[in-house]
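# Tertiary structure, described
Here is what each chain is made of, one letter per residue.
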Amino acid sequence: MTSARLSRGQLAALVVTGITLFLLGFLIGYFTIPNDDADTTPRTIEELRRDEMQKKEQYHSKLYKSLNKAEIGKNLRYFSKRPHVPGTARSRELAEEIAKTWKDYNFDKVEMPKYNVLLPYVNPNISNKVQILDTGNNTVLEFSGKEKLADPSEDDETMIPPFLGYSKQGSASGKLLYVNYGRTEDFDVLKKNFSISNCNGYIAIMRYGKIFRGDKVKNARECGAVGAILYNDPADFAPEGQDKVYPQYIWLPKTGVQRGSIFTSRGDPITPGLPSIDGVYRISPDDASLPEIPAAPMPYGDAVEIMKIMEGQEVPDSWKGTLDITYRLGNEGLKGNNSVVRIEVNFPNTKQDIYNVIGTIYGREEPDRWVLIGNHRDAWGFGAVDPSSGTAAMMEISRGLSMLLKQGWRPRRPIKFCSWGAEEPGLIGSNEWVEEHEQALSTKGVTYINIDASVAGTHMLILQGSPLFETVITQTVKNVEDPHLNKSDGKRQTVYERLVEVSNSSDGRIPFRSLGSGSDYASFYQFVGVPSLDMYYLGEGIYPVYHSVHDTYKWLQGLVDTNFSYHLTTTQVAARALLSTVDSIVLPLDVRQYAKSLRKSFKNLNDTYGMELRQNNITLHYIDAAIIRFNNASVKFHEEIDKAIKRKNEIEVRDLNDRMVNVEKSFIYSLGLPNQKFNRHVIFAPPFNNNYASAHFPGISDLMFPSNKTEKDWGEIRRHISIVFKSIMSAAETLNEDAK
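Fair warning: this is a prediction, and the values are worked out from it, not measured in the lab.

A word on the UniProt feature "domain: PA" (unreviewed entry) in the protein. With numbering aligned to this structure, UniProt lists the feature "domain: PA" (unreviewed entry) at residues 174-260. The distance from the first to the last C-alpha atom of residues 174-260 is 23 Å, and the span holds 30% helix and 20% strand.

So this is what it looks like as structure tokens:
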């Protein structure tokens, strides 16, 4: 048994220890007593958050200063060096290079998700044909093969001939029928002015422009045409004259031609609504919504040869381009011994692998709220403008953020950098990823920023997106220099000043468009309701070498943006928009702007269709009342935001942010729009007859479009008005505070 008494040595040790601790405590207390000059005021939440944002803003400033024109130019040269068509080895090589770069930047996670999808099989040795046949079925003229090169930089054995993706394989023969731009209203002119209500037996020839090329072919098929030809009229693509074209000028030469998909839906055609991953059922291509007639593109130097032998009535002046011919309808056949025109489409569709690249920087304070920025990687050729100018910008932003990571910065919310595969055939890479992560995006997705084709001209920066972005992007462009100079003092304008000048804005508001379905933002915005923003610098029209062999580094750097100043401008705007949503404690989104957009959209709807609706005993009163309710809720909500930094804890601030983002998601109707089940946004979406455009209250306007509506049609209109009313009421409820 051990003795309970302490030895003399142990007792002495305890005494010494006690004295030592006493002296140590005395000294600590003495030297830590505050003096009369010390600031003993407790820090408020507002002050602590202000300090946090000041530190973040210092990091942001470092990023903006680090963005470099030379680096952007180097990126552009690399990504546009060779053709990188979707599904090809070069497209995968670029994906692997991006993944390697982001790993070298020490991103927290880098993934390369693969999808097996139906793609047009592109082969440099295969080409389509357009032929003129005589009465003996002999070929008089034939147009096939690759485009004529305008510069040695375009000489690449992997460059594919012109074609229209997903066109029906096979051949079609018939008389030619000229239908202007191939819009719905152009086919209406055929009926009203020329008494042609059925295009059976005709091949419709239409010029590019105004609407999505796939909608042109769809309209021709619905009229009964057996085939379609698309060409670039010099009126739109060489307006200064056919002698002022590339390589001396920016305009499309007569041998140039636009490629592109004519698939009018979105995503993998054989896994509609589902991601094209292992384990998912594929429907037969015969059951997919693919084009039903053969279609082919032609350069205007070849198109003129068949259009000049077309007989028939002269077309209206508004249908005439600038080819040196008399533009005729073609309803009386071809001149001389020429009999018909024949199209032969030789590109099959096959299952192929595509790859996205997703690079993630983890967030610290809100690790489950995603901010995404992306651009597609694939092109129909060299793709300097579309998409490599956007990829160059995105890669420069990622380089800048990698430097901040080394210095200790960590975003409040995660950033996901996204390089999409196979955008060109039908927004496939982004769509499949959104379908795969639909539920996560519905709860975690905060915003998506898209920078496809970031520089296509030098006239003005185009901004389009959710109304939630309008206020913050207006403030953003006030802080970014534009390459243009002020006329008054010769100093650099801001982007804001440039936009006010070119738009002749009298109230200081800058042009801000709503979103259609023209790029990878579509599935984020139209399918799951993630607030989205898109931007690109444009000329005074579409860039003329779009989807042609001439969309090269030499065209873009040599004739458009020689020192990459416009690239840097777009990069700066995108970077600032990104960081404002990544690091802000309260998201810089503005629901009051949504209320204004709803009111403006409602006025347009009422002005256009109000009388016809009232004549059929249908009222828009409830939508009007719901917008008033939403407006009141938005004003009250922003009063709540103004107090948030001072008094709200993190959970309450998070709730504010979620309510802002969920406004957008309130406008997603799970069953989709009428005849557009994968477009689910009831406020802003493309109309049924133009994927490139954006319609306000698209379901209602689409249903109101036909002139001869049945009782069933009116019932569907009533139903969809109710869906819109309910969605706006839900958005207003989303903004309401649940408790004091």
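The complete set of buried residues in helix α8 (residues 300-307) reads Y300, A303, V304, I306 and M307. The buried residues of α8 occupy an angular sector of 165° when the element is viewed end-on, so they sit on one face.

This brings us to the layout of surface pockets. Taken as a whole, the second largest pocket holds about 840 Å³ of empty space. Listed by contribution, the elements that provide at least two residues to the lining of the second largest pocket are α2 (45-66), α12 (470-477), α16 (565-583) and α18 (621-647). Split into classes, the residues belonging to the lining of the second largest pocket amount to 11 nonpolar, nine polar and eight charged. Composition of the lining of the second largest pocket by domain shows at least three residues from each of domain 1 (68-117 + 351-583) and domain 3 (591-735).

Across a sheet, paired strands are connected by hydrogen bonds in the backbone, their directions being either parallel or antiparallel. A sheet is described by the order of its strands in space; here seven strands give the open sequence β1-β13-β15-β14-β16-β20-β17, paired in mixed fashion. Since the sheet does not close on itself, it has two edges, and those belong to β1 (109-111) and β17 (460-465), each with one partner. When the angles between neighbouring strand axes are averaged without regard to direction, this sheet yields 15°. Taken together, the six bridges between strand β14 (residues 370-376) and strand β15 (residues 415-420) define a ladder with parallel strand orientation. Residue pairing for β15: L372 is matched across the bridge by K416. Strands β14, β15, β16 (445-450), β17 and β20 (532-538) of the sheet are contacted by helix α14 (residues 521-528), whose axis makes an angle of about 145° with β20. Across the sheet, α16 touches β14, β15, β16, β17 and β20, and the angle it forms with β20 is around 165°.

Quick look at the side chain of S523 now. Along the chain, S523 turns up in helix α14. The class for S523 is buried, based on a relative accessible area of 1%. A distance of 3.0 Å separates a polar atom in the side chain of S523 from a polar atom in the side chain of R266. Not counting chain neighbours up to four residues away, the residues in contact with S523 comprise R266, N431, V434 and V528.

Attention now moves to the packing of aromatic side chains. Taken as a whole, this structure holds 26 aromatic pairs when the rule is applied. Taken together, a centroid distance of 5.1 Å and an interplanar angle of 80° make the contact between Y78 and F79 edge-to-face. With centroids separated by 6.5 Å and ring planes inclined at 55°, the aromatic side chains of F194 and W319 adopt a geometry described as tilted. In this pair, F194 sits in helix α5 (residues 184-194) while W319 sits in the loop between α8 and β11 (338-345), placing the two residues 125 residues apart along the sequence. Each member of the pair, F194 as well as W319, is classed as buried. One aromatic cluster is present, built from ring pairs that chain together W370, W420, W433, Y448 and F524. Just above the ring of Y78 sits the side chain of R90; from NZ or CZ to the centre is 5.4 Å. One Lys or Arg, K416, reaches over the ring of W370 and ends 4.7 Å from the middle of that ring.

An order of β4-β3-β11-β6-β7-β8-β10 is seen for the seven strands of this open sheet, with the pairing classed as mixed. Only two strands of the sheet have a single neighbouring strand rather than two, namely β4 (139-144) and β10 (295-298). For this sheet the average axis-to-axis angle between neighbouring strands, irrespective of direction, equals 30°. Pairing analysis gives four bridges linking strand β8 (residues 227-231) to β10, with the strands arranged parallel. From the neighbouring strand, Y231 faces β10, where its bridge partner is M298.

Turning our eyes to something else, we now look at empty space enclosed by the protein. For the structure shown, the criterion picks out one cavity of 30 Å³ or more. Within this model, the largest cavity holds a volume of roughly 40 Å³.

This part covers the packing of helix α9 (residues 384-406) against α16. Here α9 crosses α16 at 55°, and the two axes come no closer than 9 Å. It follows from the interaxial angle that α9 and α16 lie oblique. Pair α9 / α16 crosses with right-handed handedness. Contact residues: S389, A393, E396, I397 and L401 in α9; H567, T571, A574, A575, L578 and L579 in α16. The residue inventory of the contact of α9 with α16, partitioned by class, reads seven nonpolar, three polar and one charged.

Moving on to the state of the cysteines. By the definition in use, this model includes one disulfide. Here C199 connects covalently by a disulfide to C223, the sulfurs 2.0 Å from one another. The S-S bond linking C199 to C223 shows a torsion near 70°; that makes this disulfide right-handed. Residue C199 is located in the loop between α5 and β7 (202-207), and its partner C223 is located in helix α6 (residues 213-223); the two are separated by 24 residues in the primary sequence. Here C199 falls in the buried class, since its relative accessible area comes to 1%.

Let us look at the domain arrangement of the protein. Assigned domains of the protein: these are domain 1 (68-117 + 351-583), domain 2 (129-347) and domain 3 (591-735). Domain 1 and domain 3 are separated by 27 Å when their C-alpha centres are compared. Listed by partner, the interface residues are 30 residues for domain 1 and 25 residues for domain 3. Carbon and sulfur atoms make up 46% of the area that domain 1 and domain 3 hide from each other, which totals about 2,200 Å². Sorting the residues of domain 1 by area buried against domain 3 places P467, L468 and Q526 first, and these three jointly supply 25% of that buried surface. Where domain 1 touches domain 3, the interface holds five salt bridges. R412 is the partner of E650 in a salt bridge, and the nearest nitrogen-oxygen pair spans 2.7 Å. At the boundary of domain 1 and domain 3, one finds 18 residue pairs in polar contact (both at pLDDT 80 or more). Breaking the side of domain 1 that touches domain 3 down by element, the ones donating at least two residues are α11 (438-444), β16, α12 and α14.

Conventions used here
- Residues numbered from 1 in each chain as written.
- Predicted model: local features only at pLDDT ≥ 70, side-chain atom pairs only at ≥ 80, totals over all residues.
- Heavy atoms only, no water.
- UniProt positions renumbered as here; feature names shortened; annotations may be inferred.
- Helix = DSSP H or I, 4+ residues; strand = E, 2+ residues; numbered from the N terminus.
- Buried < 20%, exposed > 50% of the residue type's maximum accessible area, 1.4 Å probe, protein only.
- Arc of directions from axis to C-beta.
- 1 Å grid on protein atoms, 1.4 Å probe; cavity = no way out; pocket = protein on both sides within 12 Å on 5 of 7 lines; lining within 4 Å.
- Points joined across faces, edges and corners; volume = space filled by probe spheres on them.
- Nonpolar A, V, L, I, M, F, W, Y, C, P; charged D, E, K, R; others polar.
- Domains from an automatic or database assignment.
- Pairing = 2+ DSSP bridges.
- Axes fitted to C-alpha atoms, helices over the stretch in contact; angles between N-to-C directions.
- Contact = heavy atoms within 4.5 Å.
- Polar contact = N/O pair within 3.5 Å; in protein donor to acceptor, adjacent residues only side chain to side chain.
- Phe/Tyr/Trp six-rings, centres within 6.5 Å; stacked < 30°, edge-to-face > 60°.
- Lys NZ or Arg CZ within 6 Å of the ring centre and 35° of its normal.
- Parallel < 35°, antiparallel > 145°, perpendicular 65-115°, else oblique.
- Left-handed = near helix turned anticlockwise from the far one by under 90°.
- Disulfide = S-S within 2.5 Å.
- Buried area = accessible area lost by both parts, 1.4 Å probe.
- Salt bridge = Lys/Arg side-chain N within 4 Å of Asp/Glu carboxyl O.

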